[in-house]
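The lines below spell out each chain.
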Amino acid sequence: MRILSLQPSVSILLHHLGRLDTLVACTRYCLDAVPELRERHLAGKLAIVQDSWSITPDELLPVAADLIVASIPYRMESLAAILRAGRPVLALAPHTLEDIYQEIRLLAGVVGETAKGEALVTAMDTTIAGMRARTRDFQRPRVYCEEWGKPMIHSQIWVKELVEAAGGSFLGEPGTHTQAEDIAKADPDVIVMAWCGAGNRVPLERVVEQRAWEELRAVREGRVYCIADEMLNTPAPTLAAGLAALAQCLHPDVFGTLAPPSGRPLSQFPPHCV
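The model shown is predicted, which means the values in this text are computed figures rather than measured ones.

A. Here's a closer look at the side chain of aspartate 51. In this structure, aspartate 51 sits in the loop between strand S3 (47-49) and helix H4 (57-60). It is arginine 28 that comes nearest to the buried, bridge-free aspartate 51 among opposite-charge side chains, at 7.3 Å. The contacts of aspartate 51, once residues within four sequence positions are left out, are Leu6, Gln7, Thr27 and Tyr29.

Below, the structure written as structure tokens:
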């Protein structure tokens, strides 16, 4: 089985399944999410292509892959390019945590690791259920989670589920566009930004200034955070680390002593900058 991965979530999942050996091509974002792939790329054993949003047939055709695995986000033109490549395609499009579990099982079956896939699902579900039970009686801060900044887009449904498990109340409609003025009117208690493709490099201070958010409660109290992209936007086992990061943001008095998830510290807009 030779797999071409068009999103980091696919490569991350193959890593957790112990089947990185199936990869013959992936995106440059996959190298950031799974550093183990860099050595294979430098050795000439792993081609680099664009992702599900930007791929063209010219990039796909030279790669000798038995299966193309794509995942959200898609663009209509790139999805058409994937289908025109004339290769078997597994196109993933999860919305909820349950969708993610089913897709983990699906890909695990494709690479012959059904038992490992089920173990991953069980571990994720147990972690999330444990956090949900721990925060059941907590006061719930209102949380604005942002997946993209221009235009402003609320995070996906599975992030809403994670926010609720971490003891928060998700502000707005998942996956929809919003405006800076609308968020200012809502005046959230906590702001979390996880921009697709930005890692943990969202420029929080600049964003707050450009949107005239200086007087928002979250800004005044220093509760504006950036969580690394792969920990919230990537439908893969890394969401367990995203849940831990959310718990730190929402209830630092309880979870502030946790080690930074995956060794990646939270970026934070400090209150003394206001």
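B. Quick peek at the pairing of strand S6 (residues 142-149). Burial runs high along S6: six of the eight residues are buried. Two strands pair when backbone bridges link them, and S6 and strand S7 (residues 152-154) are joined in this way by three bridges, in the antiparallel orientation. Of the residues in S7, the one forming a bridge with glutamate 146 is histidine 154. Counted between consecutive antiparallel strands, the loop separating S6 from S7 contains two residues.

C. Quick look at empty space enclosed by the protein. Inspection of every chain in the model, using the stated rule, returns two cavities of 30 Å³ or more. Considering only enclosed or pocket space, the largest cavity measures out at about 70 Å³ in volume. Around the largest cavity, the lining residues are Ser9, Val10, Leu13, Ser71, Leu92, Pro94, Ile100, Glu103, Ile104 and Pro235. Only helix H1 (8-16) and helix H6 (97-110) provide two or more residues apiece to the lining of the largest cavity.

Thresholds applied
Residues numbered from 1 in each chain as written. Predicted model: local features only at pLDDT ≥ 70, side-chain atom pairs only at ≥ 80, totals over all residues. Heavy atoms only, no water. Helix = DSSP H or I, 4+ residues; strand = E, 2+ residues; numbered from the N terminus. Buried < 20%, exposed > 50% of the residue type's maximum accessible area, 1.4 Å probe, protein only. Lys, Arg positive; Asp, Glu negative; His and termini not counted. Salt bridge = Lys/Arg side-chain N within 4 Å of Asp/Glu carboxyl O. Contact = heavy atoms within 4.5 Å. Pairing = 2+ DSSP bridges. 1 Å grid on protein atoms, 1.4 Å probe; cavity = no way out; pocket = protein on both sides within 12 Å on 5 of 7 lines; lining within 4 Å. Points joined across faces, edges and corners; volume = space filled by probe spheres on them.

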